[in-house]
Amino acid sequence: MSAELVKAAIVAAANAYAPYSNFHVGAALLLDDGSIVTGANFENASYGMTLCAETVAIAKANSDGQLKQIVAIAVAGGPEGQVAKASDSITPCGRCRQIIKEVADLTETDIPVHCAHANGFETYTLSQLLPHGFGPASLK
Ligand code: THU
């Protein structure tokens, strides 16, 4: 299933809109019913407005009432036509780690994040990527 999710992230990167960085990123979310929600990065002429693939996918799931169903995430990125061809995997940016933190706290799951590279993928849990993170519980 993890390999399938990684494949979905690589496929999703084909829909990236990344004319400024030419760095195409795809994300895939596995839901608890086995279905997959994908996202791709969406850049903007005002560079800082860019939406990352992981954030797009999570916002899609939220819009469809599926936020609490997310059990795993995969991410793949690279220059157009070379996604996941690098020997090193890409990991979610800091902002995306914070977005994933919200889901992890909501679902009370240390969500695994599969990070694609040319020879497969590395898996990190959210708490490995964002130790001591700020989340909903911090507000109590
Ligand atoms: N990007 C993502 O989509 N996800 C990440 O976790 C890292 C960065 C995108 C943002 C921008 O469009 C491009 O990659 C280069 O930074």
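The preceding data block contains the structure.
Because the structure is a prediction, the values reported are computed rather than measured.

Engineer: Before we move on, can you summarise helix α2 (residues 53-63) with the specific residues and values?
Structural biologist: Regarding α2, the residues found buried are A53, E54, T55, A57, I58 and A61. Among the structural elements, β1 (23-31), β2 (36-40), β3 (70-79) and α3 (94-107) are those in contact with the buried residues of α2. After α2 finishes, the residue G65 shows a positive phi value of roughly 70°.

Engineer: Could you give me a rundown of the sheet that holds β1, with the residues and numbers involved?
Structural biologist: Adjacent strands of a sheet form backbone hydrogen bonds with each other and so pair up, either parallel or antiparallel. Taken in spatial order, the five strands make up an open sheet running β2-β1-β3-β4-β5, and their pairing is mixed. Pairing within the sheet leaves two strands with one partner each, and these edge strands are β2 and β5 (120-125). Recorded for the sheet is a direction-independent mean angle of 20° between the axes of neighbouring strands. With five bridges joining them, β1 and β2 adopt antiparallel strand pairing. If you follow L30 over to β2, its bridge partner there is I36.

Engineer: Summarise the packing of α2 against α3; cite the residues concerned and give the values.
Structural biologist: Where α2 meets α3, the closest approach of the two axes is 9 Å, and the angle between their N-to-C directions is 25°. In terms of axis orientation, α2 runs roughly parallel to α3. For α2 against α3, the interelement crossing comes out left-handed. Of α3, the residues touching α2 (which contributes E54, T55 and I58) are R95, C96, I99, I100 and V103. Of the residues contributing to the contact of α2 with α3, the split by class is five nonpolar, one polar and two charged.

Engineer: I'd like a rundown of the site of the ligand, residues and numbers included.
Structural biologist: In the region of the ligand, the neighbouring residues are S21, F23, V25, N41, E43, T50, C52, A53, E54, T91, P92 and C93. Here an oxygen atom of the ligand and a side-chain polar atom of N41 are 2.9 Å apart. A distance of 2.9 Å separates an oxygen atom of the ligand from a polar backbone atom of C93. For the ligand, whose accessible area on its own is 370 Å², the fraction buried by protein is 79%. The set of elements that each furnish at least two residues to the shell around the ligand consists of β1 and α2. In terms of residue class, the shell around the ligand is built from six nonpolar, four polar and two charged.

Engineer: Please provide a residue-by-residue account of helix α1 (residues 2-12), values included.
Structural biologist: For α1, the full list of buried residues reads L5, V6, A8, A9 and A12. For α1, the angular spread of buried residues about the axis comes to 155°, placing them on one side. Exposed side of α1, more than 90 degrees from the buried face: K7 and V11 are the residues found there.

Each value, and the rule that gives it
- Within any chain, residue numbers begin from 1 and follow the written order of that chain's sequence.
- Whole-chain, interface and lining totals are the exception, using all residues; otherwise, since this is a predicted model, local features are given only for residues with pLDDT of at least 70 and side-chain atom pairs are given and counted only at 80 or more.
- Each side-chain value is derived from all of the structure's non-hydrogen atoms; neither hydrogens nor water enter the calculation.
- Each residue is placed in one exposure class: buried if its accessible area under a 1.4 Å probe, protein chains only, is under 20% of its type's maximum, exposed if it is over 50%, and partly exposed if it falls in between.
- Numbering of helices and strands runs from the N terminus, with a helix taken as a DSSP run of H or I at least four residues long and a strand as a DSSP run of E at least two residues long.
- Working rule for contacts: check all heavy atoms of both residues, and any pair within 4.5 Å makes them a contact.
- Two strands form a pair only when DSSP identifies at least two bridges running between them.
- Here an angle of 0 to 180 degrees is reported between the N-to-C directions of two axes, which are lines fitted to C-alpha atoms, with helices fitted over the stretch in contact.
- Any angle that falls under 35 degrees is termed roughly parallel, while one over 145 is termed roughly antiparallel, one within 65 to 115 roughly perpendicular, and all others oblique.
- Each crossing is labelled by how the near helix is turned from the far one, with a counterclockwise turn of less than a right angle marking it left-handed and a clockwise turn marking it right-handed.
- Under the grouping applied here, Gly and all other residues not named as nonpolar or charged are polar, the nonpolar ones being Ala, Val, Leu, Ile, Met, Phe, Trp, Tyr, Cys and Pro and the charged ones Asp, Glu, Lys and Arg.
- Think of it this way: one heavy atom of a residue within 4 Å of a molecule or strand is enough to make that residue near it.
- A 3.5 Å cut-off defines polar contacts: any pair of N or O atoms within that distance qualifies, except that in protein one atom must be a possible hydrogen donor and the other a possible acceptor, and neighbouring residues in sequence count only when both atoms are side-chain atoms.
- In this description, accessible areas are obtained by the Shrake-Rupley approach with a 1.4 Å probe, and a residue is regarded as covered only by the protein chains that are shown.
- By arc we mean the arc of the directions from the helix axis to the C-beta atoms, nothing more.

Keep in mind these values describe shape, not function.
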